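Residues per chain are reported as follows:
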Amino acid sequence: MQVKAGAGRFTFRGNLRDTRHGWLRLTPAYSLHLVRELVARRTRADLPVLDPFCGTGTTLLACSELGVPCDTLELNPFLVWLARAKVARYDPAAVRQAQALLETAARRALASRASCEWTPPLHNIERWWDRATLCALSRAWTAIQGGDLSPRARDLCRLAFCRSLVGVSSASFRHQSMSFAKPVTPTAARARARVASLLGESMASLARGAALPLPSTRRRVVQGDARAVAQALGGRSYGTVITSPPYANRMSYIRELRPYMYWLGHLSDGRSAGELDWRAIGGTWGQATSNLVHWRAPAAARRGLSSLVRSIAQESAVLSRYVERYFVDMAQHLASLRQLVADGGSIHYVVGNSKFFDVVVPVEELLAAEMKAAGFSRPRIERLRKRTSKKELYEFAVSAAG
Ligand SMILES: C[S@@+](CC[C@H](N)C(=O)[O-])C[C@H]1O[C@@H](n2cnc3c(N)ncnc32)[C@H](O)[C@@H]1O
């Protein structure tokens, strides 16, 4: 694979300029250009593509745009909804309906002296939005919820709301994971105006993407667990897997997605957030970390990783288990996946290495070894780019044959 430096070629930034790919950002979304290259080079073009870690649906949408059949799996219900919405067909009537309701929502957001309506039970919500902004959002959300809409129009309204709520928040997505910027409290009038104008801008941008037709090829988003991907997808056969699994770096998707998930009703308290992250590979939010204290790797898995795990355990027992569990889960996933990949097919995993204390975890090498152990052949590793975090951290494509 030819690697060109710069221009965000291998990062989510390369996606943002492009139509539906930019509908909602998730920091670890991967490069659209890379996905397109891998789709173009696929060996078993007679069979569908699979992405077992869908995220924001980059592989699914790239395939859909190219008219290539694709199935995808995702554990997180919010991302399942988002991926479905990104590849849905929107007729002009649905777009007009959404635009009309968003105009009403923007007027409600702008209303001065109006009360605050429902706000989500998000912990420390004032870190995300000042009071005036939060109340303007709450009125817009109530308007969107109350409207009599077709399902597609409702999706567009919710997408516009999601884009806006992050646009007016104190969250900063400039780093690998989300952080909070120093809060600047706008005047109440300015806060209301920002919410209203972002709703309008978001809808205008969504309408442009929604108007672009997608070829009518097969595309399916299944909610399920990649550790049991064969059961979740009913034993179908795939020619190519193009995916980016979670990295073993303690990044939590729940943490990143909290604001959307609380507003849209996918989460109602910290406990449900921790439970969902415990089911995610590499999950680390709330209860997911405390559960690791009692977790023990199966004896067979422990042998392969022992020296690495011991080095990390010298500093932190919990983090050594975190790393161990990540590779146990990925091995389980690859063993299940093996049942679905046809002879002559190929798998491609975009993954980053990680570092705990002074121990570099060679995720790419361990994953390549796990692919081999699961029955894939000729694993190979290509270094794609240096990550913006610590100096030894890179992103790789780990591939193998079916
Ligand atoms: C690196 S992200 C994928 C990003 C995606 N390539 C994109 O462009 O948006 C990994 C995804 O795996 C999902 N995930 C984690 N554990 C999972 C599991 N056990 N089964 C299915 N999906 C899981 C996470 O929710 C997250 O969306």
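Check the entry above for the structure.
(A) Representation of the overall build of the protein within the structure. In terms of helices and strands, the protein carries 16 helices and 11 strands. Relative to its length of 402 residues, the protein is compact, with a C-alpha radius of gyration of 22 Å against a globular reference of 21 Å. Counting across all 402 residues of the protein, residues that qualify as buried make up 56%. Contacts spanning at least 24 positions in sequence make up 75% of the contacts within the protein whose residues lie at least 6 apart. Carbon and sulfur atoms make up 51% of the accessible area of the protein, which totals about 16,900 Å². A gap of 3 Å separates the mean positions of the 57 positive and 31 negative side-chain charges of the protein.

(B) The arrangement of the site of the ligand in detail. The environment of the ligand is made up of 21 residues, and the closest members are Thr56, Thr58, Glu74, Asp225 and Ala226. Here an oxygen atom of the ligand sits 2.6 Å away from a polar atom, N or O, in the side chain of Thr56. At a separation of 2.5 Å, an oxygen atom of the ligand approaches a polar side-chain atom of Thr58. Within the complex, the protein chains bury 99% of what would otherwise be the 600 Å² of accessible surface of the ligand. Tallied by class, residues from the shell around the ligand come to 13 nonpolar, 5 polar and 3 charged.

(C) Region of the structure containing the packing of helix H5 (residues 92-110) against helix H7 (residues 131-146). One can describe the packing of H5 onto H7 by two numbers: an axis separation of 8 Å at closest approach and a directional angle of 150 degrees. Taken together, H5 and H7 sit at an angle that is classed as roughly antiparallel. Note on packing geometry: the crossing formed by H5 with H7 is right-handed. Along the contact surface, H5 presents Leu101, Leu102, Ala105, Arg108 and Ala109, while H7 presents Ala136, Arg139, Ala140, Thr142, Ala143 and Ile144. Residue composition of the contact of H5 with H7, by class: 8 nonpolar, 1 polar and 2 charged.

(D) Layout of the state of the cysteines. Tallying each qualifying case throughout the model produces 1 disulfide. Cysteine Cys63 is unpaired, with the sulfur of Cys70 as its nearest cysteine sulfur at 4.1 Å.

(E) Looking closely at the sheet that holds strand E10 (residues 377-386). The strand order E5-E2-E1-E6-E7-E11-E10 describes an open sheet built from 7 strands, whose pairing is mixed. Where the open sheet ends on each side, the last strands, each with one partner, are strand E5 (219-223) and E10. Here the average twist between neighbouring strands, direction ignored, is 15 degrees. Against the sheet, helix H4 (residues 77-86) touches strand E2 (70-74) and E5, its axis set at about 170 degrees to E5.

(F) Focus on the packing of helix H11 (residues 253-263) against helix H12 (residues 270-279). At a minimum axis separation of 11 Å, H11 and H12 run at an interaxial angle of 135 degrees. With respect to H12, the element H11 is oriented oblique. The handedness of the crossing between H11 and H12 is right-handed. Across from Tyr253, Ile254, Met261 and Tyr262 in H11, the residues of H12 making contact are Gly270, Ala273, Leu276 and Asp277. Among the residues making up the contact of H11 with H12, the classes are represented as 6 nonpolar, 1 polar and 1 charged.

(G) Representation of the packing of aromatic side chains within the structure. Tallied over the full model, the rule gives 12 aromatic pairs. Centroid distance Tyr322 to Phe356: 6.1 Å. Interplanar angle 65 degrees. Geometry classified as edge-to-face. Taken together, the residues span a long stretch of sequence, with Tyr322 in helix H15 (residues 317-338) and Phe356 in strand E8 (residues 354-356) at a distance of 34 residues. Both residues of the pair, Tyr322 and Phe356, belong to the buried class. Relative to Phe396, the ring of Tyr394 lies with its centre 6.4 Å away and its plane at 55 degrees, an arrangement referred to as tilted. In this structure, Tyr394 and Phe396 share a single accessibility class: buried. Grouping aromatic residues by their ring pairs yields a cluster made of Trp118, Trp128, Trp129, Trp141, Phe161 and Trp263. Sitting over the ring of Phe376, Arg338 keeps its end group 4.8 Å from the ring centre. For the cation-ring pair, Arg383 lies above Tyr394, with the distance from its terminal atom to the ring centre recorded as 4.0 Å.

What counts and what doesn't
- Residues numbered from 1 in each chain as written.
- Predicted model: local features only at pLDDT ≥ 70, side-chain atom pairs only at ≥ 80, totals over all residues.
- Heavy atoms only, no water.
- Helix = DSSP H or I, 4+ residues; strand = E, 2+ residues; numbered from the N terminus.
- Rg over C-alpha atoms; globule rule 2.2 N^0.38 Å.
- Buried < 20%, exposed > 50% of the residue type's maximum accessible area, 1.4 Å probe, protein only.
- Contact = heavy atoms within 4.5 Å.
- Areas by Shrake-Rupley, 256 points an atom, 1.4 Å probe, with all protein chains shown as cover.
- Lys, Arg positive; Asp, Glu negative; His and termini not counted.
- Charge placed at Lys NZ, Arg CZ, Asp CG, Glu CD.
- Near = heavy atom within 4 Å.
- Polar contact = N/O pair within 3.5 Å; in protein donor to acceptor, adjacent residues only side chain to side chain.
- Nonpolar A, V, L, I, M, F, W, Y, C, P; charged D, E, K, R; others polar.
- Axes fitted to C-alpha atoms, helices over the stretch in contact; angles between N-to-C directions.
- Parallel < 35°, antiparallel > 145°, perpendicular 65-115°, else oblique.
- Left-handed = near helix turned anticlockwise from the far one by under 90°.
- Disulfide = S-S within 2.5 Å.
- Pairing = 2+ DSSP bridges.
- Phe/Tyr/Trp six-rings, centres within 6.5 Å; stacked < 30°, edge-to-face > 60°.
- Lys NZ or Arg CZ within 6 Å of the ring centre and 35° of its normal.

Any link to function would need more than the numbers given here.
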